[in-house]
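What the coordinates show
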Amino acid sequence: MICRFKKALLTTGLAIGLATASFAQKQLFPEAPGMVSFTYRNNFAKDVPATLDMVKGNGVTDMEFSNLFKQTPENLRKMCDERGIKISSYGVSYEDLVGKTDEVGQAAKTLGASYVRVAGIPHKGAFTLDNAKQAVADFNKYGKMLKDKYGVTFIYHNHGFEFQPYEDGTLYDYLVKNTDSKYVSFELDILWAFFPNQDPAAMLAKYGNRYKALHMKDLKKGVERGSLSGSTPQDNDVILGTGQIDIPAVIKAARKAGVKHFYIEDESSSSITQVPESIKYLNSLKK
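Please read all numbers here as calculations on a predicted model, not as lab measurements. (Residues numbered from 1 in each chain as written. Predicted model: local features only at pLDDT ≥ 70, side-chain atom pairs only at ≥ 80, totals over all residues. Heavy atoms only, no water.)

Some words on helix 8 (residues 171-178)
Helix 8 sits mainly inside the fold: 6 of its 8 residues count as buried. Taken together, the buried positions of helix 8 are Leu171, Tyr172, Asp173, Tyr174, Leu175 and Val176. Of the residues flanking the start of helix 8, the one acting as N-cap is Thr170, its side-chain oxygen 3.2 Å from the backbone nitrogen of Tyr172. (Buried < 20%, exposed > 50% of the residue type's maximum accessible area, 1.4 Å probe, protein only. Helix = DSSP H or I, 4+ residues; strand = E, 2+ residues; numbered from the N terminus. Polar contact = N/O pair within 3.5 Å; in protein donor to acceptor, adjacent residues only side chain to side chain.)

Here it is as structure tokens:
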């Protein structure tokens, strides 16, 4: 009798396990996403430990920090380690990449980051070919230094202004094609591709493994596209799946490209309430 009962329990457990595995296989995005610190910038500025607790409470264990919030790299790493949070990417300014390369590289190494990210290129007025050429030279030079000396990979994050027409494409295409893939990779901010009338899924298909990470965000319905300003009100960031971007198509293209880091970046004033809803949406998607 006892043996039959144990066998029944094992059979039931196996069935539940197989059902759970089957459900996960049908999910397009079963895992927890990563998070960009800018999403909770105001909270981090007030209380880093409490904000990390909130991040962990959402199931997030992968972070991209673009601000140390008055912490040393050592202290921030310690607080994240205590919560089982990995700092996979460290965002810095273009000026710091060029002027403080060693400081940036050492901080990234201390944080345990695999990537150093820059999210803009200095320019006045419209972005020009000369701006792009200077960025290519700098990205190649300092990307090599970061890789050779500190073992971290440089990634560039688009911000919308790079899509000025050039030849049969855009100046963004120029940046990708003329940077050395050994030392320069990319992070695709899907809103800052979509807003200037680009297709983020098509970009992922076109440049494949040049992309290492995404910024996942959605553009409010009704917002007109086509601007190359690199600027839109922060409250135009809405819960994933409620805006204009085809999020499932982006995720499928990113999977095919080999992207490993899917960071949510919600710049809105409602990020605390919107992020959990975005995570629910991602986990509800089916293949």
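Observations concerning the side chain of Glu265
Along the chain, Glu265 falls in the loop between strand 12 (261-264) and helix 12 (271-284). In terms of polar contacts, Glu265 uses its side chain to reach the side chain of Lys217, at 2.8 Å. With sequence-adjacent residues up to four places away left out, Glu265 is seen in contact with Val36, Phe38, Thr39, His157, Asp189, His215, Met216, Lys217 and Asp237. (Contact = heavy atoms within 4.5 Å.)

A word on helix 12
Taking 1.5 Å as the rise per residue, helix 12 with 14 residues should run 20 Å; its terminal C-alpha atoms sit 19 Å apart, in good agreement. Looking only at helix 12, the buried set comprises Ser271, Gln274, Val275, Ser278, Ile279, Tyr281 and Leu282. All buried residues of helix 12 lie within an arc of 160° about the axis, which places them on one face of the element. Opposite the buried face of helix 12, by more than 90 degrees, sit the exposed residues Thr273 and Lys280. Buried residues along helix 12 sit in contact with strand 1 (34-36), strand 9 (211-216), strand 11 (237-238), helix 11 (247-257) and strand 12. (Expected span 1.5 Å × (residues − 1). Arc of directions from axis to C-beta.)

So, the nonpolar core
For soluble globular proteins, the rule of thumb is that nonpolar side chains tend to be buried together. Judged by nonpolar contacts, the single largest core of 83 residues is most densely connected at Met216 and Leu282. Residues within four places of Leu282 in sequence aside, it is in contact with Phe29, Pro33, Met216, Leu240, Ile247, Ile251 and Ile264. (Core = buried A, V, L, I, M, F, W, Y, C linked by side-chain atoms within 4.5 Å.)

A few points about the packing of helix 8 against helix 10 (residues 200-207)
In the contact formed by helix 8 and helix 10, the axes pass within 12 Å of each other and the chain directions differ by 25°. One way to sum up the angle between helix 8 and helix 10 is to call them roughly parallel. Crossing geometry of helix 8 relative to helix 10 is assigned as right-handed. Where helix 8 abuts helix 10, its residues Tyr172, Asp173, Val176 and Lys177 lie against Met203, Lys206 and Tyr207. Across the contact of helix 8 with helix 10, the residue classes tally to 4 nonpolar, no polar and 3 charged. (Axes fitted to C-alpha atoms, helices over the stretch in contact; angles between N-to-C directions. Parallel < 35°, antiparallel > 145°, perpendicular 65-115°, else oblique. Left-handed = near helix turned anticlockwise from the far one by under 90°. Nonpolar A, V, L, I, M, F, W, Y, C, P; charged D, E, K, R; others polar.)

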